[in-house]
Amino acid sequence: MSYFICPVCSGKLDVRDNTYSCLNRHCFDVSKEGYVNLLMSQQSSSKRHGDDKLMVRARRDFLEKGFYSPLQKLLCKAVSKNVACGGVIADIGCGEGYYTKAVSLTNNYNVFGVDISKEALKYAAKLVKNASFAVASAFSLPFEDESCDCVLSVFAPSAYEEFYRILKSDGVLIKVVPLEDHLWDLKSTVYDEPYKNKPEIRNDDLFRLVSVEELKYNITLDCNNDIMNLFKMTPYYYKTGREEIQKLSFMTDLETIVHFAVEVYEKR
Ligand SMILES: [Zn+2]
């Protein structure tokens, strides 16, 4: 069964023979990789369409090496603790599916991945066989009101109003965010005056924080490819001048701290 809704009329979509369709006969074909594009043309007029090929490939190559597997495990633990077996989980901004895959192999969850980047979903749909993927904006999600037990937002932009809308009344939002010291050694290498991340905890009239788990450890990168891949995964890559990037291009090893939080929120 599909949990996606039609981006034209908001009717429920059924999937048959690789086509999603609603009662009003709006149809959306599943791509050869296995995702469906539910992004409306007026939503896709923005210049950059999510993560480009370069960034997606860098992230996939880096994550495949297991540097963030402790985070992947901690996230699955948080999900298991807060979401009953078989629950509906929407991974919003799922990227190439590294965390989606781990969650989809846990507790028989019914997992849906959404990302604005087609390039990312090409990988995700191939990597994760027991989840469904749709191209859509986090700010206009293809789910019915109160249809999900859990929203995951892993290093992704948070559209709190939409998350609130699609979560059941007892649903949870689980966020992964970088903390102060994240990639400190990498940033110190590139920038003369690096700054610390400023984490933001959400406590407003939509969501209430119920738990936070911190994770901090060192990773050792022993080839330039890994170092450049890590840097390309970060938002800094696009804001950094050529001279500063040059500093990294000759490095062959780097030890850097990684520092994350897994935050669990309830609906108010
Ligand atoms: Zn429709």
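Quantities reported herein were computed from a predicted structural model and do not represent experimental measurements.

Points about the packing of helix α1 (residues 53-64) against helix α7 (residues 224-233)
- Axis separation between α1 and α7 bottoms out at 8 Å; the angle between their running directions is 125°. When the interaxial angle is binned, α1 and α7 end up oblique. Pair α1 / α7 crosses with left-handed handedness. Facing α1, whose interface residues are Leu-54, Met-55, Ala-58, Arg-59, Asp-61 and Phe-62, α7 presents Asp-226, Asn-229, Leu-230, Lys-232 and Met-233.
- Classifying every residue of the contact of α1 with α7 gives 6 nonpolar, 1 polar and 4 charged.

With respect to the packing of α1 against helix α4 (residues 118-127)
- One way to put it is that α1 packs onto α4 with a least axis distance of 8 Å and a crossing angle of 35°. Each of Lys-53, Val-56 and Arg-60 in α1 lies in contact with α4, whose residues at this interface are Glu-119, Ala-120 and Tyr-123.
- Classifying every residue of the contact of α1 with α4 gives 3 nonpolar, no polar and 3 charged.

Observations regarding the nonpolar core
- Core analysis: the biggest nonpolar cluster contains 75 residues, and Ile-89, Ala-90, Ala-134, Cys-148, Cys-150, Val-151 and Leu-152 have the highest contact counts within it.
- Element by element, the count of residues in this core is highest for strand β9 (residues 167-178), at 6 residues.
- If we ignore the near neighbours within four places in the chain, the residues touching Ala-90 are Phe-112, Val-114, Phe-143, Cys-148, Val-151 and Ile-166.

Description of the sheet that holds strand β10 (residues 207-221)
- As summarised here, the arrangement of the 8 strands in space is β4-β7-β6-β5-β8-β9-β11-β10, forming an open sheet in which the pairing is mixed. Looking along the sheet, the strands with just one partner apiece sit at the ends: β4 (35-37) and β10. For this sheet the average axis-to-axis angle between neighbouring strands, irrespective of direction, equals 20°.
- Sheet analysis places strand β5 (residues 88-92) next to strand β8 (residues 148-154), joined by 3 bridges and oriented parallel. The residue bridging Ile-89 from the neighbouring strand is Cys-150, located in β8.

Comments concerning the pairing of strand β11 (residues 254-267)
- Note that β9 and β11 share 7 bridges and pair antiparallel. Residue pairing for β11: Ile-174 is matched across the bridge by Val-264.
- The pairing of β10 with β11 spans 14 bridges and is antiparallel. Residue Glu-213 lies in a different strand from β11, and its bridge partner there is Val-262.

Considering α1
- Here α1 spans 16 Å end to end across 12 residues, near enough to the 16 Å set by a 1.5 Å rise per residue.
- Among the residues making up α1, those that are buried are Met-55, Val-56, Ala-58, Arg-59, Phe-62 and Leu-63. Projected onto a plane normal to the axis of α1, the buried residues spread over an arc of 165° and lie on a single side. Exposed side chains of α1 directed beyond 90 degrees from the buried face belong to Lys-53, Leu-54 and Glu-64.
- For α1, the elements touching its buried residues are α3 (98-104), α4 and α7.
- Two residues or fewer after α1 comes Gly-66, characterised by a positive phi angle close to 85°.

So, how was this worked out
- Residues numbered from 1 in each chain as written.
- Predicted model: local features only at pLDDT ≥ 70, side-chain atom pairs only at ≥ 80, totals over all residues.
- Axes fitted to C-alpha atoms, helices over the stretch in contact; angles between N-to-C directions.
- Helix = DSSP H or I, 4+ residues; strand = E, 2+ residues; numbered from the N terminus.
- Parallel < 35°, antiparallel > 145°, perpendicular 65-115°, else oblique.
- Left-handed = near helix turned anticlockwise from the far one by under 90°.
- Contact = placed C-beta atoms within 7 Å.
- Nonpolar A, V, L, I, M, F, W, Y, C, P; charged D, E, K, R; others polar.
- Core = buried A, V, L, I, M, F, W, Y, C linked by C-beta atoms within 7 Å.
- Buried ≥ 20, exposed ≤ 12 C-beta atoms within 10 Å, placed from the backbone.
- Pairing = 2+ DSSP bridges.
- Expected span 1.5 Å × (residues − 1).
- Arc of directions from axis to C-beta.

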